[in-house]
Each structure stands twice: as structure tokens, then as C-alpha cells.
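Residue-level structure breakdown
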Amino acid sequence: MSNRIKIFDTTLRDGEQSPGCSMNLHEKLEVAAQLEKLNVDVIEAGFAIASPGDFESVSEVAKLVKNATVASLSRAMEKDIDAAYNAVKHAVSPRIHTFLATSPIHMQYKLKMSEDEVVERAAAAVAYAKKYCSDIEFSAEDALRSDKAFLARVFSAVIAAGATVLNVPDTVGYSTPEEMADYITYLKNNIIGIEKAEISVHCHNDLGLAVANTLASVKAGATQIECTINGIGERAGNASLEETVMNLNTRKAYYGGAYCNIDLKQIYRASKLVQRITGVPVAPSKAIVGDNAFAHEAGIHQHGVLENRSTYEIMTPQDIGIPHNKMVLGKHSGRHAFDDRLAELGYRLTKDELDEAFARFKILADKKKVISDGDLEAVVAMKLDESLVQHYKLDNFVVNSGKNITATSTVRLQVGDSEETIEAVSSGEGGPVHASYRAINILLGERIEVEDYSIRAATEGEDAIAEVVVKLRRGDKKATGRASSTDTIEASILAYLNGVNKLWA
Ligand code: KIV
Ligand code: ZN
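In what follows, the accompanying structure is described. (Residues numbered from 1 in each chain as written. Chains lettered and ligands numbered in written order. Predicted model: local features only at pLDDT ≥ 70, side-chain atom pairs only at ≥ 80, totals over all residues. Heavy atoms only, no water.)

For the rest of this paragraph, the subject is the site of ligand 1. Taken together, R13, D14, L73, H97, F99, S139, E141, N167, P169, T171, H202 and H204 form the complete shell of residues around ligand 1. A distance of 2.9 Å separates an oxygen atom of ligand 1 from a polar atom in the side chain of R13. At 3.1 Å from an oxygen atom of ligand 1 is found a side-chain nitrogen or oxygen belonging to D14. Against a free-state accessible area of 260 Å², the protein chains account for coverage of 93% of ligand 1. Elements that contribute at least two residues to the shell around ligand 1 include exactly β4 (94-101), β5 (136-141) and β6 (165-170). For the shell around ligand 1, the per-class residue count stands at three nonpolar, six polar and three charged. (Near = heavy atom within 4 Å. Polar contact = N/O pair within 3.5 Å; in protein donor to acceptor, adjacent residues only side chain to side chain. Areas by Shrake-Rupley, 256 points an atom, 1.4 Å probe, with all protein chains shown as cover. Helix = DSSP H or I, 4+ residues; strand = E, 2+ residues; numbered from the N terminus. Nonpolar A, V, L, I, M, F, W, Y, C, P; charged D, E, K, R; others polar.)

We note that K112 has phi near 50 degrees; this positive angle belongs to a residue other than glycine. Positive phi values are uncommon outside glycine, yet D142 reaches one of about 65 degrees. Considering the arrangement of structural elements, one finds D142 in the loop between β5 and α6 (148-161). For D142, a relative accessible area of 1% puts it in the buried group. (Buried < 20%, exposed > 50% of the residue type's maximum accessible area, 1.4 Å probe, protein only.)

Time to look at the sheet that holds strand β15 (residues 466-474). With antiparallel pairing, three strands are arranged side by side in an open sheet as β14-β15-β16. Two strands close off the open sheet at either side, each with one partner strand: β14 (449-457) and β16 (477-485). Each strand axis lies, on average, 15 degrees off the axis of its neighbour in the sheet, ignoring direction. In this sheet, β16 lies alongside β15 in antiparallel orientation, the contact comprising nine bridges. When the bridges of β16 are listed, R473 appears paired with K478. Sheet strands touched by helix α16 (residues 488-504): β14, β15 and β16. Its angle to β16, the strand with the most contacts, is close to 145 degrees. (Pairing = 2+ DSSP bridges. Axes fitted to C-alpha atoms, helices over the stretch in contact; angles between N-to-C directions. Contact = heavy atoms within 4.5 Å.)

This next bit is on helix α7 (residues 177-190). A rise of 1.5 Å per residue sets the reference length of α7, with its 14 residues, at 20 Å; its end C-alpha atoms lie 20 Å apart and thus fit the reference within 8%. Of all the positions in α7, only M180, Y183, I184 and L187 are classed as buried. Down the axis of α7, the buried side of the element spans an arc of 95 degrees, and every buried residue falls inside it. Facing away from the buried surface of α7 by more than 90 degrees, the exposed residues are E178 and N189. Buried residues in α7 make contact with α6, β6, β7 (198-203) and α8 (210-220). (Expected span 1.5 Å × (residues − 1). Arc of directions from axis to C-beta.)

In C-alpha cells form, the structure reads like this:
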């Protein structure tokens, strides 16, 4: 048995399918670049046939990524496989990932196919895909509610047709760790030609067992695991990459020496990036990356940790790249100190990006006495968001609000390249943010719906940076806007304009 476990990340495909987690092309490329830094083995970049936008993002990810294999999902149909291949063909290492359901309930009600037809279709799809590229993954959808012997028959047929990876998905999150282990052991012993393929697992979290099921499968001999950053994915999500990887790393001996090539120090940044881009925060108590994951509250714990960290800590925040919260910079700090600190935090920015971030830092340093690492991360995040076309720019705003009055807001915007500005005033029973959004809608001359709005303190202290994420809809188009500022109303307006600019683009 090989001890090397390959990490197949599906944040951009299964993760993106979860409600509220859709990403635009620019955001997907940012996530893909971070997945490369994490050193994942496979990036599932999307489902190429799903829409022209999906096709474009899979092919752009394929062009960007240099080290990982890039996969596209496809149903077991020729037109899907054509689209998948045309999207991933630019990759240094392309993979086509085709799937077909094998459980009685799916075959009877969804596919309306007999067992023989399923075996034939699965093998035909793999053979067709094999004409395009050598690396073919086949997934038996709903495998954990499929008959084991039938599953072994399907997998034997697809190996004969050229499949190199056999994925065993617990599509509806139904399995238990013992059952997963049982299936993997059975398949290893009963698939004809298994020595030519790798066994993969893909676990959903409907009963909260996705990570446990994944780990049990590794113990039973699976050598590829499919997971997502922060565990995002259909319904209750997929196995979370950070939890699965840190289990393997912390309990290496227990898992028979199994190891993966993930750069652990990139885990925290990857989690933060996906939270920022999707606007979906993780719970403070979430293992590994939650705000409280390394916080020791009880006095007896704090005492123990101060005496010897291993009394209560089985891993350290530094292991996953959580920066020390050193308050190092202020308004007198120079460019050199700023560049050094960002490099220490793991950012690799171009000179132009650093120039822009430094300009923002100076503006912030005029408002805040001390700039923490969290502030710096927010400064970089603001800059990254602004790499989008800024068709509508905020020139100024004035709000008037109080306890027993209806809030009013005057918003002035600059549009496109024009030097001229346009201004509107509106009231809003919901307060100054509501009034500002209405004023902007007057200027846009159209109705934009706010589907969700959230605000949080991105840093600490009474002069903390507020980060606003607002989900907007215009007709059937959706966009997520985000922005940060020490002024909560300004952050709210900028986030709205960020979303509007994405809709406009
Ligand atoms: O959950 C599932 O079955 C899937 C497959 C398409 C791999 O996402
Ligand atoms: Zn899935």
C-alpha cells in the first residue's frame, strides 16, 4: 500500500455548488492560485458543460495552474466529455472526471437504466474520454447506497476501458466510517485490474461524518481524497481539506504513516481567502480554522499551556500559518518595514500591487494608531478587490440619521472615465445603509435587490476595520460585493458598488 495520499480539491466545483458560494472568474483564479500554493495534487476547476461561464473558468484555471492536475467534471455523455476535454486541454496535466450513478434508487428513478446498461454506458464514456487524455477518473455516484458486487463490476469494466482513478462518492452523506472502510476493503479485493487504478473517496457531510468517513477510507487503503476548503459543498458540504489534512498530519502513525504533500502553512490563508470570496464565514468553533480553534479560555488550560504547550495543544497555530498578532506598524513605518511584514505574512505581491497596498496602508495609518497583521490582511484584500473594473466610483457621501428620524443619505458617484459626478439623495426607514443603497439605485436607474448583507470587524479595537459582504441580484444575475473601511457606512456603500461593478462587468 502506498502511504502517499493525493489531495483532490473540489472547492471550485462541488464547493461552488453550495448555496451562496458562487464565484466569478476572477475569484476562481484567486482560489486556484492559492490551491497551487497549498500544493494540492488535483484541482477540480468546474463542470465545463454546465454553462459558458463554467467552461471559461475551467479553461482559464487550466491555463493558470502549473503544478497540479486540472480536472473538469462531466456526465457519462459524449457532449459533456467533449466540453470537459476542450476546457482542460490547456493544462500541463489534464484530467477528465466522468460520473454515472450506480445505486438502485438512482438507476431506477433518475437514469431509468438497467444494471447492464449502466455498466455499458460507464465503460463507453471512459473509453471515449480516453481518446482525449490518459488521466481518466470515474465516479460511481451514490456508491455507498450501491450493491458492493455491482459496484465492483462497474469499476472492473471502467478499468478495462482505461480509467486511472476510481472514485467512491458518499453522495448523500449516508455512510458511517466502518461502512466506508468495509466498502473500500471489498472493492480492493474484488475489482478486476485494481492494480492499474487508484481508489479515491468523496464524502458529503449530511450526518456530520464526512471527515471521519474520509479518514476511515484512508485507513482501509484509499489513496486519493476529495475535499474542499472550509468543507463547503452541496447541502451540508464536503469533507473539509483542513480537517482531513491536519488529522493525517497529527495522527500520522495511527494512519499507518499516510502523508500528503500539502504545505500546511498555507491552510489558514486558503480558509480566509475562501471565506472572503464566498462571503460565508466559518463558525468560531470550527476545527483548525475557526477563531476559537486555538483559544484557551479556562484558567486551568491557560496555566497548562504556559507551562508546556503540549498539555492542551495537539498542534500549534503556526503549523497552519496563523500569523503572530504582532502590532508592528504605524503611521511612521516606512515602505521597507511594510514590504517585509507582508512577505513574512506570506504575500508575494508584484511591485505595482505593493505600491497600491502601501498607499492604502498610509491612508489607514492616518486613521488608526497601530496597524495589526489583521489590518494588513484587510489592506491587501481591499486592493485585490479593486483589480476589477471600477465603472461606478464613490466620490462622496453624507448621511443623517438618529433615533427618532428617518435616515437620509446623499451619495455622489463618478461614472466611467467621465470627470463629472452624479448625485442623488434618498431616505431609508432601515437606516443610513438602506438610504444610501436607495440613493445609489436612483443613480443607476434600476432596481438591484439585496439578498444578503453581513458586516463584521475584520480587526480588533474600537477603530477596527469593518468588512461588509453584500449579495446582490439584478434579474437573474447575481454578484457578491465586498469592501472594508474603518467607517461602517463607507464600507457598506463600497461593498454595494463593488457588487454593482461586478454586475455591470
Ligand atoms: O457527490 C457526488 O457524488 C459528486 C460526484 C459527481 C463525484 O460530487
Ligand atoms: Zn459531491
